[in-house]
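As a plain string of letters, each chain reads:
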Amino acid sequence: MGEWDQFSLLQSFFMKEEKIGAFDCQEDKSNIAQIAPVFGIGAVEFEEKPGDSALRSGRRPQVVTYYKEDPDLWAQPVLWERETFAGTMIRFVCRPKKGVLWDDEARYLAQRFIAGFGLIKKSVYLLNGFRYTVTHDRVFDSKNLNYGIFRITELLEQGQIDQYAVFFMNVNSTGEMNSQIGRANGTKVMRLFLQKLEEVLEEPEAVWRVGGDNLGAVVRTDHVDRFLEILQGTHISYGSTEDEQYRISATAGICVGSPEFHKTSEMVDAAQICMNMARYTKHVPYLFYNRQIVQMLENAKHVEMAFPDAIDHEEFKVYYQPKVSLLNNEVIGAEALCRWFRDGEIVPPDRFIPVLEKSRLICDLDLYMLDHVCRDIRNWMDSGGKPVEISTNFSRMHLNNPLLSRQIVETIDRYNVPHELIIVELTETTSSSFAKRMGELVYRLKDEGIRTSVDDFGVGYSSMSMLRDIPFSELKIDRSFLTYTTDTRDRSAVMMKHVISMATELGMSCIAEGVETPDQIRMLKEMDCFRAQGFYFDQPLPREEFEKRVRKRVYEINSRSDSEQMR
Ligand code: C2E
Ligand code: CA
Ligand code: CA
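These figures come from a predicted structure and were not determined experimentally. (Residues numbered from 1 in each chain as written. Chains lettered and ligands numbered in written order. Predicted model: local features only at pLDDT ≥ 70, side-chain atom pairs only at ≥ 80, totals over all residues. Heavy atoms only, no water.)

Another point: the packing of helix α12 (residues 404-414) against helix α13 (residues 432-447). In the contact formed by α12 and α13, the axes pass within 9 Å of each other and the chain directions differ by 30 degrees. By the angle class used here, α12 and α13 are roughly parallel. In this structure, α12 crosses over α13, and the sense of that crossing is right-handed. Here α12 contributes L404, S405 and I408 to the contact with α13, which in turn contributes L441, R444 and L445. Considering only residue class, the contact of α12 with α13 consists of 4 nonpolar, 1 polar and 1 charged. (Axes fitted to C-alpha atoms, helices over the stretch in contact; angles between N-to-C directions. Helix = DSSP H or I, 4+ residues; strand = E, 2+ residues; numbered from the N terminus. Parallel < 35°, antiparallel > 145°, perpendicular 65-115°, else oblique. Left-handed = near helix turned anticlockwise from the far one by under 90°. Contact = heavy atoms within 4.5 Å. Nonpolar A, V, L, I, M, F, W, Y, C, P; charged D, E, K, R; others polar.)

Here you go:
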């Protein structure tokens, strides 16, 4: 006799009892995965016996109700989760006790057991409904982050996480997609994309929506490549016509499970960090969490924590890289560049500037640098020297600060330094709101007689409209324009030539940075660019060294092949 038959038998046995009608196991089959009583007529003994899947999942069932009226006659309904959300499974294993006859008392106990079961069944219904709401996303009609968290936790608890990778994904160019095909279609495409990803997965793998255009997944390590392939680009039809297709892709951060991870949040965070890095820093379609990234994060944490102290103790020093006139090889000024003296080591800017930019601490550093530059200029002037112009770098992060121009002026005035000795270097921006704020800043500084320079011109997407709309004083041509060629017919050389003549006509001066060779100097002169900065002359120098260069005034470069001439 099958289990279900036995259950029906029990049901019919109690047919006369009013509580019997309270449950019907057949209809529950979708919600309650399995109900498996094994009954014998006569006497019953209820005994808990964890089902196979519970054993497989390595979890002990959770006891919800416990009946034990008689040591010979007892029932222990158990409730445990199987496959987490596929359904909650209640399993009873009831065995007849040999030699004991079914009597009124046994009947009474069995009835109570069934009544109790009816209650549990109701709570299971509720639980399932509740669980569905908490673990599903209405907009995408998909699983949500809660689901993902439960699923990863389960794999961690079962000790299986090393066979899985956690993904954090962001759909690429969602804004562009929405403006091309409309918001509603955009949502539809994302929903279908998620379904497509789900199709290639097998339980317990899963994919879910985190929120917005962020998705998450847990994927078996041997399925990762196939999953990544879909992420790189997939055509989705969102309508009936051939035109109604969109190629969607996503950037992913991936954290492969390993014994080093004990918490779900650690893995999700790691994957998210990698996604952000892939998207915003490295500009790659995906990035796996690894040791190097761990180090970077540790470095970032260290930098942020050490920063306030480092400012207080003046661990940041100004280095000066000379700017030279190509007309007479005279030192005309310098760019102030930051060096961090930490624990007897000089930390280069690329180890801390990007970290400080993220946390906006960079604004404090830039004003600190300006302050120290002004202090140096004051000293030069007080000791009778002829001061030269100094450029200081100001991060884009400052553009959110409407008080910046006032803070710059106050700092310069604190040391009574002539405004024309300071040049504020700003990197170009593609964002129109940033460009607007940059324009306002440049106008305000210009009113104060403080010059501005477009740093790294030619890197990324130089915007001609920015040059047209904002009255910068100087264009600083990035060394990438110089690196590849000294052939004036080369495309980047042709561009550079025209950029220089355009800037000059717009009333800006031009300076080339990263100049390393005599050929580059020759080319610059041919293009009418007569100011340069780079290793050809000098690296960024400690203040005392730079002061020597200023005193010497001119670089002797006729016979030189390196920058040792002035030393
Ligand atoms: P940057 O403003 O473009 O500065 C020029 C960088 O190019 C400097 O690197 C300089 O040492 C390097 N350089 C100069 N000449 C040559 C050359 O001939 N060949 C090559 N290969 N490189 C050359 P550094 O000092 O490591 O600074 C890196 C970046 O860090 C700077 O790029 C700037 O973006 C940032 N930075 C440095 N100090 C500050 C600061 O005080 N505030 C802010 N916001 N950023 C800073
Ligand atoms: Ca600069
Ligand atoms: Ca630069």
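Before going further, it helps to examine the coordination of the calcium ion (ligand 2). Within the protein, the atoms that donate to the calcium ion (ligand 2) are E335 (OE), N393 (OD1), E425 (OE) and D455 (OD), at distances of 2.2 to 2.3 Å. In terms of primary sequence, the donors binding the calcium ion (ligand 2) are separated according to E-x57-N-x31-E-x29-D. (Donors = N, O, S within 2.8 Å, 3.2 Å for Na, K, Ca; no water.)

The next thing to look at is the environment of I149. Assignment of secondary structure puts I149 in helix α4 (residues 145-157). Separated by 116 residues in sequence, I149 and S265 have C-alpha atoms that sit 7.9 Å apart.

Another point: helix α17 (residues 518-526). Buried residues of α17: Q520, I521, M523 and L524, and no others. The buried residues of α17 occupy an angular sector of 165 degrees when the element is viewed end-on, so they sit on one face. Close packing links the buried residues of α17 with α15 (480-483), α16 (491-505), β24 (509-513) and β25 (531-533). Where α17 terminates, the next one or two residues include D528, which has phi positive at roughly 65 degrees. (Buried < 20%, exposed > 50% of the residue type's maximum accessible area, 1.4 Å probe, protein only. Arc of directions from axis to C-beta.)

It is worth spelling out the coordination of the calcium ion (ligand 3) at this point. Ligation of the calcium ion (ligand 3) by protein atoms is provided by D455 (OD), D456 (OD), E513 (OE) and E513 (OE), these donors lying 2.1 to 2.8 Å from the ion. Considered as a linear motif, the donors of the calcium ion (ligand 3) on their single chain read D-D-x56-E. A spacing of 3.8 Å is found between the calcium ion (ligand 3) and the calcium ion (ligand 2), which share D455 as a donor. Residue D455 is found in strand β22 (residues 451-457), and its partner E513 is found in strand β24; the two are separated by 58 residues along the sequence. Here D455 matches E513 in class, with each residue buried.

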